[in-house]
There are 2 protein chains.
Amino acid sequence: MAERGRPRGFDRTEALERAMRLFWTKTYEGTSLAELTEAMGINAPSLYAAFGSKEGLFREALAHYSDRAGGGFWKELDEIPDARTAVEHLLLATAAAFSDPADPPGCLIVLGAQHGCDDGDAVHRELRARRRENLDQLANRLRRAVTEGELPADFDAAGAAAFYLSVQTGMSVLARDGARREALEAVARGAMLGWDRWVAGGAAVKSSLRSS
Amino acid sequence: MAERGRPRGFDRTEALERAMRLFWTKTYEGTSLAELTEAMGINAPSLYAAFGSKEGLFREALAHYSDRAGGGFWKELDEIPDARTAVEHLLLATAAAFSDPADPPGCLIVLGAQHGCDDGDAVHRELRARRRENLDQLANRLRRAVTEGELPADFDAAGAAAFYLSVQTGMSVLARDGARREALEAVARGAMLGWDRWVAGGAAVKSSLRSS
DNA sequence: CGATATCTGTAGCGAACACTACAGATATGG
DNA sequence: CCATATCTGTAGTGTTCGCTACAGATATCG
């Protein structure tokens, strides 16, 4: 059954793309509806008919971001067979993406909204959930490497995941503050310098702690 | 000369402290004047007489934060004689502070405002400048260790500073997302695992890159 | 063609925002 | 005691916010 009524006068996907880039540049709360409608080339009622609300539009923009811009290296994390190479690639690809002049610097999922504390707000909960997803994906990738025998049984997958995600998250802010690609790559390479000692296991971690 | 006119009816420092904690919890843009006046126990005209504007109040709150809450470990970075211990202490003290239940999690300087791109806004420029200050202080501390002979002449102080700051910055977001103290300490310890290879110098970094 | 359904543009809604005019209150300086 | 100066509380200001009522336009269905 074909659609009835007057057909939509704009390309929904392109409008969504423009909204995503605006949210990415100015954050959720920092982007007004007037700015959105202007960038999308439509009027407010068209926006509400197509996306429901500012929040609905943001959530769709977020999904679009995960599928397109921010999704690449996270998918590859699972595809690259060697865990060490996979993590290194994640960080180096992040360094390249966050400093790509064609896109706003940093990650929409990290920088896309205010970082309040209480936040029962749905947008903040969704962003938090997606960051949590990244943490889990990283930990699961490392655990997989343990079961595959690449990493030792006592490998601290949860700790290492938190560490590597912390590095990647910090890179978002550094990029927003103007860090160049070489600087971000130095961060990525620096994070990999400790890999062997992560692999060496809990004893090495503890001795490093004792030496302080 | 003593002050003329009706004396102020509230403690300016305590009001500032309360404002700081509110900004710390809800960010600059996320905190309304109504919330501020309520938390500070004063009316809007008193706030404006004492602090000039919301922006002026935030800047004073920021200075208060640097002097009091966020300032401790950054001062100690320069006081601890051994650079390795100094950096390790910075990260471990950060882990403890960011997960202290008595304070809002994470750092006001990292989380205190929206992370927009263009931002000619004065508040954002000041936060960015303070983050830049942290980067410079860390790099200078490492360079000092080079001149003192603790670190080799070819030590990549700028790269290492970017790396360790990236870790610390990421910890702010992890803390905001609910990371416990042990998780943040794992991040801190993980960051120190690569220290020796940072010290081993550019050749080690490059070989690590080649191995990917 | 008429009925129906959806989209578009104008124009404006109530609420929240940062901020302030003004009058009364309360101190000091002479 | 009077003049002056500063603070406090009330009650607003104009602007911007996200959002929508409504009428006209444009499509399909029968």
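Coordinates for the structure precede this section.
An account of the accompanying structure is given in this report. Keep in mind the model is a prediction, meaning the values are calculated, not measured.

**Overview of the protein's contact with DNA strand C**
Moving on, step 1. Residues in close proximity to DNA strand C total 23 residues, the closest being Gly9(A), Asn43(A), Leu33(B), Tyr48(B) and Lys54(B).
Moving on, step 2. Take the atoms of DNA strand C that sit within 4 Å of the protein: sugar and phosphate atoms are 73% of them.
Moving on, step 3. Between DNA strand C and Arg4(A), the relevant distance is 3.4 Å, taken from a sugar or linking oxygen to a side-chain nitrogen or oxygen of the residue.
Moving on, step 4. In this structure, Ser46(A) approaches DNA strand C through a side-chain N or O atom, which is 2.9 Å from a phosphate oxygen.
Moving on, step 5. Where the surface near DNA strand C is concerned, the elements lending two or more residues are α3 (44-51) of chain A together with α3 (44-51) of chain B.
Moving on, step 6. With three residues, α3(B) is the single largest residue contributor to the surface near DNA strand C.

**Observations regarding unusual backbone geometry**
Residue and element names in this part refer to chain A.
Moving on, step 1. Of note in the backbone geometry, threonine 27 takes a positive phi value of approximately 70° without being a glycine.
Moving on, step 2. Take threonine 27: it is sitting in the loop between α1 (12-26) and α2 (33-40).
Moving on, step 3. Residue class for threonine 27 comes out buried when judged on its relative accessible area of 0%.

**Structural notes on α3(A)**
All names here are of chain A.
Moving on, step 1. Residues of α3 that are buried include every one of Leu47, Ala50 and Phe51, and no others. Projected down its long axis, α3 shows its buried positions confined to an angular sector of 75°, all on one face. Those residues of α3 that are exposed and aimed more than 90 degrees away from the buried face are Pro45 and Ala49.
Moving on, step 2. At its buried positions, α3 is contacted by α1, α2 and α4 (54-67).
Moving on, step 3. Looking one or two residues beyond α3, the residue adopting positive phi is glycine 52, at roughly 90°.

**Points about the environment of Trp24(A)**
Residues and elements named next belong to chain A.
Moving on, step 1. Here tryptophan 24 shows up in helix α1.
Moving on, step 2. In this structure, the C-alpha to C-alpha distance between tryptophan 24 and alanine 113, residues 89 residues apart in sequence, is 9.3 Å.
Moving on, step 3. Each residue touching tryptophan 24, except ones within four places of it in the same chain, is listed here: Tyr65, Arg68, Ala69, Asp103, Pro104, Pro105, Gly106, Cys107, Leu108 and Arg176.
Moving on, step 4. Within polar-contact distance, the side chain of tryptophan 24 engages the backbone oxygen of glycine 106 at 3.0 Å.

**Points about the protein's contact with DNA strand D**
Moving on, step 1. By nearness alone, 24 residues border DNA strand D, and Leu33(A), Tyr48(A), Lys54(A), Gly9(B) and Asn43(B) come closest of all.
Moving on, step 2. The sugar and phosphate moieties of DNA strand D supply 73% of its atoms located within 4 Å of the protein.
Moving on, step 3. Contact distances for DNA strand D include 3.1 Å between a base oxygen and a backbone N or O atom of Arg6(B).
Moving on, step 4. Asn43(B) has a polar side-chain atom sitting 2.5 Å from a phosphate oxygen of DNA strand D.
Moving on, step 5. Those elements that provide at least two residues to the surface near DNA strand D are α3 of chain A together with α3 of chain B.
Moving on, step 6. Ranked by residue count, the leading element in the surface near DNA strand D is α3(A), at three residues.

Calculation notes
Residues numbered from 1 in each chain as written. Chains lettered and ligands numbered in written order. Predicted model: local features only at pLDDT ≥ 70, side-chain atom pairs only at ≥ 80, totals over all residues. Heavy atoms only, no water. Near = heavy atom within 4 Å. Polar contact = N/O pair within 3.5 Å; in protein donor to acceptor, adjacent residues only side chain to side chain. Helix = DSSP H or I, 4+ residues; strand = E, 2+ residues; numbered from the N terminus. Buried < 20%, exposed > 50% of the residue type's maximum accessible area, 1.4 Å probe, protein only. Arc of directions from axis to C-beta. Contact = heavy atoms within 4.5 Å.

By themselves, these observations are geometric and do not establish any function.
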